[in-house]
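# Residue-level structural notes
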Amino acid sequence: MDKIRYFDHAATTYTKEDVIKEMLPYFSIEYGNPSSIYSIGRKARRDVENARTRVAKAINANSKEIYFTSCGSESDNLAIKGVALANKDKGNHIITSKIEHPAVLNTCKCLEEQGFEVTYINVDKDGIVNIKELEENIKPHTILISIMFANNEIGTIQPIEEIGKIAKKHNVLFHTDAVQAIGNVAIDVKKLNIDLLSMSGHKFYGPKGVGALYVKENVPFKKIQDGGHQEKNKRAGTENTAGIIGIGKAIELATKNLDNYNNKLLELREYYIEKIKEKIPNIKINGHRNTRLSGNANIAFEGINGEELLIYLDTKGICASTGSACSSGSTEPSHVLTAIGLNSEMANSSLRVTFGEENTKEDVDYLIDNLVEIINKLRNKN
Ligand code: PLP
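Residues numbered from 1 in each chain as written. Predicted model: local features only at pLDDT ≥ 70, side-chain atom pairs only at ≥ 80, totals over all residues. Heavy atoms only, no water.

## A closer look at the overall build of the protein
Tallying secondary structure elements over the protein gives 13 helices and 15 strands in all. The C-alpha atoms of the protein give 21 Å as radius of gyration, which agrees with the globular expectation for 382 residues (21 Å, within 12%). With respect to the principal axes defined by its C-alpha atoms, the protein has extents near 65 × 55 × 40 Å. A separation of at least 24 residues holds for 73% of the contacts in the protein among residues at least 6 apart in sequence. Carbon and sulfur atoms form 50% of the exposed surface of the protein, whose accessible area is close to 16,300 Å². The positive charge centre, built from 49 side chains, and the negative charge centre, built from 50, are 4 Å apart in the protein. (Helix = DSSP H or I, 4+ residues; strand = E, 2+ residues; numbered from the N terminus. Rg over C-alpha atoms; globule rule 2.2 N^0.38 Å. Contact = heavy atoms within 4.5 Å. Areas by Shrake-Rupley, 256 points an atom, 1.4 Å probe, with all protein chains shown as cover. Lys, Arg positive; Asp, Glu negative; His and termini not counted. Charge placed at Lys NZ, Arg CZ, Asp CG, Glu CD.)

## Describing the sheet that holds strand β7 (residues 196–200)
As summarised here, the arrangement of the 7 strands in space is β2-β8-β7-β6-β5-β3-β4, forming an open sheet in which the pairing is mixed. Bordering the open sheet on either side are β2 (66–69) and β4 (117–121), each of which pairs with just one other strand. Taken pair by pair, the neighbouring strands of this sheet meet at an average axis angle of 20°, ignoring direction. Where strand β3 (residues 93–97) meets β4, 5 bridges bridge the pair, whose relative direction is parallel. Within β4, the residue paired with S97 across the bridge is I121. Sheet strands in contact with helix α4 (residues 102–113) are β3, β4, β5 (142–146) and β6 (173–177), and its direction is about 150° off that of β4. (Pairing = 2+ DSSP bridges. Axes fitted to C-alpha atoms, helices over the stretch in contact; angles between N-to-C directions.)

## A word on the site of the ligand
Near the ligand, the surroundings consist of 13 residues, among which S73, D177, Q180, S200 and K203 are the closest. Burial of the ligand by the protein amounts to 87% of the accessible area it has alone, namely 390 Å². Classifying every residue of the shell around the ligand by side-chain character gives 3 nonpolar, 7 polar and 3 charged. (Near = heavy atom within 4 Å. Nonpolar A, V, L, I, M, F, W, Y, C, P; charged D, E, K, R; others polar.)

## Some words on the pattern of salt bridges
By the definition in use, this model includes 26 salt bridges. Among the salt bridges present, the one from D126 reaches K125, with a minimum N-O distance of 3.5 Å. The network of salt bridges with shared partners includes R45, E49, R52, E231 and E239. (Salt bridge = Lys/Arg side-chain N within 4 Å of Asp/Glu carboxyl O.)

## A look at the sheet that holds strand β15 (residues 350–354)
For sheets, the rule is that strands pair by backbone hydrogen bonds, running either parallel or antiparallel. Reading across the sheet, the 4 strands line up as β9-β10-β15-β12 and stay open at both edges, with antiparallel pairing between neighbours. Of all strands in the sheet, those bounded by a partner on one side alone are β9 (283–286) and β12 (321–322). Two strands pair when backbone bridges link them, and strand β10 (residues 296–301) and β15 are joined in this way by 5 bridges, in the antiparallel orientation. Residue pairing across strands places I299 opposite L351, the latter belonging to β15.

## Re the nonpolar core
Counting 62 residues, the largest nonpolar core has I59, L134, I145, I187, I194 and L197 as the members making the most contacts within it. Top element by residues in this core is helix α8 (residues 241–256). It accounts for 8 residues. The residues touching L197, leaving out its near neighbours within four places in the chain, are I59, H175, T176, A178, I182, I187, V189, A212, L213 and Y214. Among the nonpolar cores identified, the runner-up in size contains 31 residues, and L268, I276, V353 and I368 belong to it. (Core = buried A, V, L, I, M, F, W, Y, C linked by side-chain atoms within 4.5 Å. Buried < 20%, exposed > 50% of the residue type's maximum accessible area, 1.4 Å probe, protein only.)

## Describing a nonpolar patch on the surface
Together, I20, L24 and F27 make up an exposed nonpolar region whose accessible area comes to about 300 Å². With respect to the element layout, F27 can be found in the loop between α1 (17–23) and α2 (39–58). (Patch = residues over 30% accessible without salt bridge, like charges linked within 9 Å, V, L, I, M, F, W, Y side chains within 5 Å.)

## Overview of helix α10 (residues 306–315)
Residues of α10 that are buried include every one of G306, L309, L310 and L313, and no others. Across the axial projection of α10, the buried residues extend over an arc of 100°, all falling on one side. Counted as exposed and oriented over 90 degrees from the buried face of α10: I311 and T315. Where α10 is buried, its residues meet β10, β11 (318–319), β12, β15 and α13 (361–381). Between the side-chain oxygen of the N-cap and the backbone nitrogen of E307 there are 2.8 Å, and the N-cap of α10 in question is N305. (Arc of directions from axis to C-beta. Polar contact = N/O pair within 3.5 Å; in protein donor to acceptor, adjacent residues only side chain to side chain.)

## Quick notes on the environment of S36
With respect to the element layout, S36 can be found in the loop between α1 and α2. Overall, the relative accessible area of 17% leaves S36 in the buried class. Within the local environment of S36, its side chain forms a polar contact with the side chain of Y38, the two groups lying 3.2 Å apart.

## Remarks on helix α3 (residues 72–86)
Between its terminal C-alpha atoms α3 stretches 21 Å, which fits the 21 Å expected from 15 residues at 1.5 Å a residue. Of all the residues in α3, the buried ones are G72, E74, S75, D76, N77, L78, A79, I80, K81, G82, V83 and A84. (Expected span 1.5 Å × (residues − 1).)

## Some remarks on the domain arrangement of the protein
Annotation of the protein at the domain level lists domain 1 (5–13 + 257–381) and domain 2 (17–256). Using C-alpha coordinates to define each centre, domain 1 is positioned 28 Å away from domain 2. Between domain 1 and domain 2 lies a buried interface of about 2,500 Å² when both sides are counted; carbon and sulfur atoms form 52% of it. The tally of links between domain 1 and domain 2 comes to 0 salt bridges. Across the domain 1-domain 2 interface, the total number found is 24 residue pairs in polar contact (both at pLDDT 80 or more). Of all the elements in the fold, those that place two or more residues in the side of domain 1 that touches domain 2 are α9 (258–279), β10 and α11 (335–339). Split into classes, the residues belonging to the side of domain 1 that touches domain 2 amount to 10 nonpolar, 15 polar and 4 charged. (Domains from an automatic or database assignment. Buried area = accessible area lost by both parts, 1.4 Å probe.)

## With respect to unusual backbone geometry
Within the chain, N171 stands out as a residue other than glycine whose phi angle is a positive 60°. Tracing the backbone shows N171 in the loop between α6 (160–169) and β6. On the basis of relative accessible area, N171 is assigned to the exposed category, the value being 60%. With a phi close to 50°, E231 is a non-glycine residue in the positive phi region. Take E231: it is sitting in helix α7 (residues 230–233).

Right, dumping it as structure tokens:
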């Protein structure tokens, strides 16, 4: 094994050289606290604000509508809890889907424990949210709809524009977890009627430990973390200046290169799927065949244990992921794959491959050859 072949870009990406280069001074010479009034503090403030403008521009927002956080999970927490707490007098009902990331699902669970009512909308066999069911479930006391832009396991992209229209028609706020979509899909929050949007730097070649939340101007939301008055008194804590500079640069690069990036990923994904279909029998492609992130391929290999497959792939220097989360020794089938109708055996036989910028066709061939060999071996053993 001479090199690592990385096919897990939905889990995280490396940080681009150009991003690191812009971040580096903020660990040493530009270490001022953006809240300090002397010159190095003022310089840090200017640079943080410049990053805010870059993030805003990438989604067609205004810079004062961007709040920096520590990650996508924090952005989701702040969006949902922030809106719930600020709109309690209006209502206590939230609508979300069954296939959200745990950052949204567990936030909703937490609110349920505090007396909020949450409706979890079903998805179809491709993982698309049932729009009719969503609209029918809007009640006079519904305050928020939270539907992810694109799913982290199967890559399916939701009908965000339609959901935005429904939310607007019923005067309900609309949050979208766009952690997987940013850097992969062009997003215009105005055109799509999005009121709140979560993102995370490490999913688009930025650093880990920094995220952002877009909150449309005049949307009532409350801080959930007490402390200082940073981020317009909505998110206490000294700003992660280097991280903020990094997310600003990364999002600028990602939006500039979006078309080329998508074309490249699409080519790799289609090559991979077609070859797998040709070479490995008894498979199922999970998620919508086309309405999905260009770099995502999630395939169930009948009779295979996904965790075992991952271990074999690792011995060949291949990094990928399963659709299941290991909890206390037992492999729970993925809630996303069960929501699209897979039984636990098929769900546990699924492999998520997510392509990225550094992948080549030769890497994909290497992945395919190894998958064919390992799956044949495992199927003959069983
Ligand atoms: N939402 C989605 C859809 C994700 O895929 C992830 C991470 O994988 C998160 C939220 C959480 O982001 P973070 O890891 O930055 O907290």
